[in-house]
Amino acid sequence: MWRLVVAILLAGCFLELSAREGDDRIGRPAPALQLKHWLNSAPLDVAALRGKVVLVRWWTDGCDLCVATAPALREFQRKYGPQGLQVIGVFHPKPAGDWDMQRVRRAAERLGFTFPVALDADWAALHRWWLDSNERGFTSVSFLIDKRGVIRYVHPGGEYHLGEHESCQRNYKDIEQTINRLLAE
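Before going into details, it helps to say that this report is about the structure given with it. (Residues numbered from 1 in each chain as written. Predicted model: local features only at pLDDT ≥ 70, side-chain atom pairs only at ≥ 80, totals over all residues. Heavy atoms only, no water.)

Structural notes on the sheet that holds strand β4 (residues 53-59)
Link 1 in the chain: Spatially, six strands are ordered β3-β6-β5-β4-β7-β8 in an open sheet, and the strand pairing comes out mixed. Looking at strand neighbours, the two that pair on one side only are β3 (38-39) and β8 (151-155), the edges of this open sheet. (Pairing = 2+ DSSP bridges. Helix = DSSP H or I, 4+ residues; strand = E, 2+ residues; numbered from the N terminus.)

Some points on the pattern of salt bridges
Link 1 in the chain: The full count for this structure, using the stated rule, is ten salt bridges.
Link 2 in the chain: For D24, the salt bridge identified is with R136, shortest N-O distance 2.9 Å. Taken as a pair, D24 in the loop between β2 (15-17) and β3 and R136 in the loop between α3 (124-131) and β7 (142-145) lie far apart in primary sequence, 112 residues in all.
Link 3 in the chain: As a salt-bridge pair, R103 and D61 come within 2.8 Å of each other at their nearest N and O atoms. Taken as a pair, R103 in helix α2 (residues 101-110) and D61 in the loop between β4 and α1 (64-80) lie far apart in primary sequence, 42 residues in all.
Link 4 in the chain: Connected through shared salt-bridge partners, D24, R25, D132 and R136 make up one network. (Salt bridge = Lys/Arg side-chain N within 4 Å of Asp/Glu carboxyl O.)

Structural notes on the packing of α1 against helix α4 (residues 166-184)
Link 1 in the chain: Close contact between α1 and α4 brings their axes to 12 Å; oriented N to C, the two are set at 25 degrees. Classed by the angle they form, the pair α1 and α4 counts as roughly parallel. The two elements α1 and α4 meet at a crossing, and its hand is right-handed. Where α1 approaches α4, its residues A72, E75, F76, K79 and Y80 are matched on the opposing element by Y172, I175, E176, I179, N180 and L183.
Link 2 in the chain: Split by residue class, the contact of α1 with α4 holds seven nonpolar, one polar and three charged. (Axes fitted to C-alpha atoms, helices over the stretch in contact; angles between N-to-C directions. Parallel < 35°, antiparallel > 145°, perpendicular 65-115°, else oblique. Left-handed = near helix turned anticlockwise from the far one by under 90°. Contact = heavy atoms within 4.5 Å. Nonpolar A, V, L, I, M, F, W, Y, C, P; charged D, E, K, R; others polar.)

A closer look at the side chain of H155
Link 1 in the chain: Here H155 shows up in strand β8.
Link 2 in the chain: Here H155 falls in the buried class, since its relative accessible area comes to 3%.
Link 3 in the chain: Of the polar contacts made by the side chain of H155, one reaches the side chain of N171; its length is 3.3 Å.
Link 4 in the chain: Excluding anything up to four places from it in sequence, H155 contacts R57, V141, S142, Y160, N171 and I175. (Buried < 20%, exposed > 50% of the residue type's maximum accessible area, 1.4 Å probe, protein only. Polar contact = N/O pair within 3.5 Å; in protein donor to acceptor, adjacent residues only side chain to side chain.)

Describing the packing of aromatic side chains
Link 1 in the chain: Applying the stated rule across the entire model yields eight aromatic pairs.
Link 2 in the chain: Ring geometry for W58 versus F143: centroids 6.0 Å apart, planes at 75 degrees, classification edge-to-face. In this pair, W58 is assigned in strand β4 and F143 in strand β7, connecting sequence segments 85 residues apart. F143 matches W58 in its accessibility class, with the two residues each being buried. (Phe/Tyr/Trp six-rings, centres within 6.5 Å; stacked < 30°, edge-to-face > 60°.)

Written out as C-alpha coordinates, the structure is:
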(Lines give C-alpha, C1' and ligand atoms only; values in the text may rest on other atoms or scores of the structure.)
Protein backbone atom coordinates (compact mmCIF):
# COMPACT_ATOMS: atom_id res chain seq x y z
CA MET A 1 0.00 0.00 0.00
CA TRP A 2 1.54 3.17 -1.14
CA ARG A 3 1.18 6.20 1.02
CA LEU A 4 1.88 8.61 -1.72
CA VAL A 5 0.33 11.99 -2.18
CA VAL A 6 0.47 13.24 -5.73
CA ALA A 7 0.96 16.97 -5.91
CA ILE A 8 1.43 18.92 -9.08
CA LEU A 9 4.09 21.51 -8.46
CA LEU A 10 5.30 24.39 -10.57
CA ALA A 11 8.27 23.31 -12.78
CA GLY A 12 9.54 20.10 -11.29
CA CYS A 13 9.19 18.08 -8.07
CA PHE A 14 6.09 16.46 -9.47
CA LEU A 15 5.60 14.05 -6.59
CA GLU A 16 5.37 15.00 -2.96
CA LEU A 17 5.51 12.04 -0.64
CA SER A 18 3.47 11.53 2.44
CA ALA A 19 5.46 12.27 5.56
CA ARG A 20 4.43 8.85 6.84
CA GLU A 21 6.17 6.74 4.18
CA GLY A 22 9.39 5.53 5.74
CA ASP A 23 8.29 6.10 9.33
CA ASP A 24 8.27 2.31 9.75
CA ARG A 25 12.09 2.44 9.51
CA ILE A 26 12.73 5.24 12.04
CA GLY A 27 14.35 4.03 15.27
CA ARG A 28 15.42 0.68 13.80
CA PRO A 29 19.06 -0.39 13.55
CA ALA A 30 20.33 0.15 10.02
CA PRO A 31 20.61 -3.20 8.22
CA ALA A 32 23.97 -4.38 6.93
CA LEU A 33 24.85 -3.24 3.43
CA GLN A 34 26.84 -6.41 2.59
CA LEU A 35 27.96 -5.02 -0.77
CA LYS A 36 31.14 -6.25 -2.47
CA HIS A 37 31.78 -3.78 -5.29
CA TRP A 38 32.81 -0.23 -4.36
CA LEU A 39 34.24 2.90 -5.96
CA ASN A 40 36.21 5.54 -4.06
CA SER A 41 36.52 3.28 -1.02
CA ALA A 42 37.22 -0.18 0.26
CA PRO A 43 33.99 -2.01 1.13
CA LEU A 44 32.14 -0.32 4.00
CA ASP A 45 29.36 -1.43 6.27
CA VAL A 46 27.22 0.37 8.79
CA ALA A 47 28.82 -1.33 11.81
CA ALA A 48 32.26 -0.05 10.78
CA LEU A 49 30.88 3.50 10.53
CA ARG A 50 29.71 3.74 14.15
CA GLY A 51 30.67 7.14 15.52
CA LYS A 52 29.80 8.82 12.21
CA VAL A 53 26.52 10.14 10.90
CA VAL A 54 25.81 8.34 7.62
CA LEU A 55 23.65 9.44 4.70
CA VAL A 56 22.90 6.50 2.40
CA ARG A 57 21.21 7.30 -0.94
CA TRP A 58 20.14 4.68 -3.51
CA TRP A 59 20.45 6.03 -7.05
CA THR A 60 20.78 4.90 -10.63
CA ASP A 61 21.78 6.25 -14.02
CA GLY A 62 19.03 7.53 -16.28
CA CYS A 63 17.09 8.85 -13.26
CA ASP A 64 16.36 12.58 -13.52
CA LEU A 65 15.49 12.73 -9.82
CA CYS A 66 18.86 11.21 -8.92
CA VAL A 67 20.63 13.76 -11.13
CA ALA A 68 18.70 16.59 -9.46
CA THR A 69 19.69 15.32 -5.99
CA ALA A 70 23.39 14.75 -6.81
CA PRO A 71 24.48 18.34 -5.98
CA ALA A 72 22.88 18.04 -2.53
CA LEU A 73 24.79 14.84 -1.81
CA ARG A 74 28.07 16.42 -2.92
CA GLU A 75 27.36 19.53 -0.84
CA PHE A 76 26.45 17.57 2.29
CA GLN A 77 29.70 15.57 2.03
CA ARG A 78 31.77 18.70 1.38
CA LYS A 79 30.18 20.75 4.14
CA TYR A 80 29.67 18.12 6.86
CA GLY A 81 32.24 15.43 6.04
CA PRO A 82 34.92 17.13 8.14
CA GLN A 83 32.46 17.16 11.07
CA GLY A 84 31.73 13.42 10.86
CA LEU A 85 29.18 12.87 8.08
CA GLN A 86 29.77 10.07 5.58
CA VAL A 87 27.69 10.09 2.41
CA ILE A 88 27.38 6.73 0.65
CA GLY A 89 25.81 6.36 -2.77
CA VAL A 90 24.35 2.94 -3.56
CA PHE A 91 23.89 2.30 -7.28
CA HIS A 92 20.97 0.01 -8.07
CA PRO A 93 20.77 -0.79 -11.79
CA LYS A 94 17.48 -0.83 -13.61
CA PRO A 95 16.62 -3.53 -14.29
CA ALA A 96 18.19 -5.32 -11.35
CA GLY A 97 21.11 -7.49 -12.43
CA ASP A 98 21.96 -5.36 -15.50
CA TRP A 99 25.30 -3.90 -14.49
CA ASP A 100 29.02 -3.73 -14.85
CA MET A 101 31.46 -1.65 -12.81
CA GLN A 102 32.36 0.53 -15.80
CA ARG A 103 28.72 1.59 -16.04
CA VAL A 104 28.72 2.42 -12.32
CA ARG A 105 32.02 4.31 -12.62
CA ARG A 106 30.83 6.38 -15.61
CA ALA A 107 27.57 7.25 -13.86
CA ALA A 108 29.33 8.23 -10.61
CA GLU A 109 31.85 10.36 -12.51
CA ARG A 110 29.08 12.14 -14.45
CA LEU A 111 27.45 13.07 -11.14
CA GLY A 112 30.76 14.10 -9.54
CA PHE A 113 30.55 11.51 -6.76
CA THR A 114 33.90 11.33 -4.97
CA PHE A 115 32.39 9.82 -1.82
CA PRO A 116 32.05 6.02 -1.51
CA VAL A 117 29.74 4.41 -4.07
CA ALA A 118 28.60 0.81 -3.76
CA LEU A 119 26.88 -1.45 -6.25
CA ASP A 120 23.65 -3.17 -5.19
CA ALA A 121 23.55 -5.30 -8.35
CA ASP A 122 20.56 -7.48 -7.51
CA TRP A 123 18.86 -5.00 -5.12
CA ALA A 124 19.44 -7.31 -2.15
CA ALA A 125 20.46 -4.42 0.13
CA LEU A 126 17.59 -2.27 -1.15
CA HIS A 127 15.20 -5.06 -0.20
CA ARG A 128 16.72 -5.37 3.29
CA TRP A 129 16.61 -1.62 3.85
CA TRP A 130 13.46 -0.51 2.07
CA LEU A 131 11.45 -2.75 -0.18
CA ASP A 132 11.14 -6.01 1.81
CA SER A 133 7.43 -6.84 1.60
CA ASN A 134 6.29 -3.25 1.14
CA GLU A 135 5.29 -1.53 -2.05
CA ARG A 136 7.07 1.79 -2.21
CA GLY A 137 6.71 4.80 -4.46
CA PHE A 138 10.43 5.11 -5.22
CA THR A 139 13.64 3.14 -5.05
CA SER A 140 15.80 6.30 -4.86
CA VAL A 141 15.45 6.39 -1.08
CA SER A 142 17.75 8.14 1.42
CA PHE A 143 18.47 7.23 5.03
CA LEU A 144 20.19 9.20 7.78
CA ILE A 145 21.82 6.97 10.38
CA ASP A 146 23.01 8.26 13.72
CA LYS A 147 26.36 7.59 15.35
CA ARG A 148 24.99 4.45 17.02
CA GLY A 149 23.82 2.92 13.73
CA VAL A 150 20.11 3.72 14.16
CA ILE A 151 17.95 5.05 11.31
CA ARG A 152 16.75 8.50 12.31
CA TYR A 153 15.39 9.96 9.06
CA VAL A 154 14.04 8.57 5.80
CA HIS A 155 13.48 10.52 2.61
CA PRO A 156 11.31 8.01 0.74
CA GLY A 157 12.53 8.90 -2.72
CA GLY A 158 12.30 11.46 -5.43
CA GLU A 159 14.51 14.50 -5.28
CA TYR A 160 15.74 17.09 -2.81
CA HIS A 161 17.81 20.14 -3.57
CA LEU A 162 17.95 23.88 -3.26
CA GLY A 163 16.29 25.59 -6.17
CA GLU A 164 12.91 26.61 -7.41
CA HIS A 165 10.81 23.71 -6.10
CA GLU A 166 9.33 24.41 -2.68
CA SER A 167 8.93 20.77 -1.60
CA CYS A 168 12.47 19.91 -2.73
CA GLN A 169 13.87 22.86 -0.77
CA ARG A 170 11.86 21.84 2.29
CA ASN A 171 13.17 18.26 2.06
CA TYR A 172 16.75 19.50 1.60
CA LYS A 173 16.44 21.72 4.68
CA ASP A 174 14.87 18.90 6.73
CA ILE A 175 17.80 16.63 5.82
CA GLU A 176 20.34 19.35 6.60
CA GLN A 177 18.73 20.09 9.97
CA THR A 178 18.71 16.40 10.81
CA ILE A 179 22.39 16.09 9.84
CA ASN A 180 23.23 19.01 12.15
CA ARG A 181 21.19 17.56 15.01
CA LEU A 182 22.77 14.10 14.64
CA LEU A 183 26.30 15.51 14.41
CA ALA A 184 25.67 17.44 17.65
CA GLU A 185 24.54 14.32 19.57
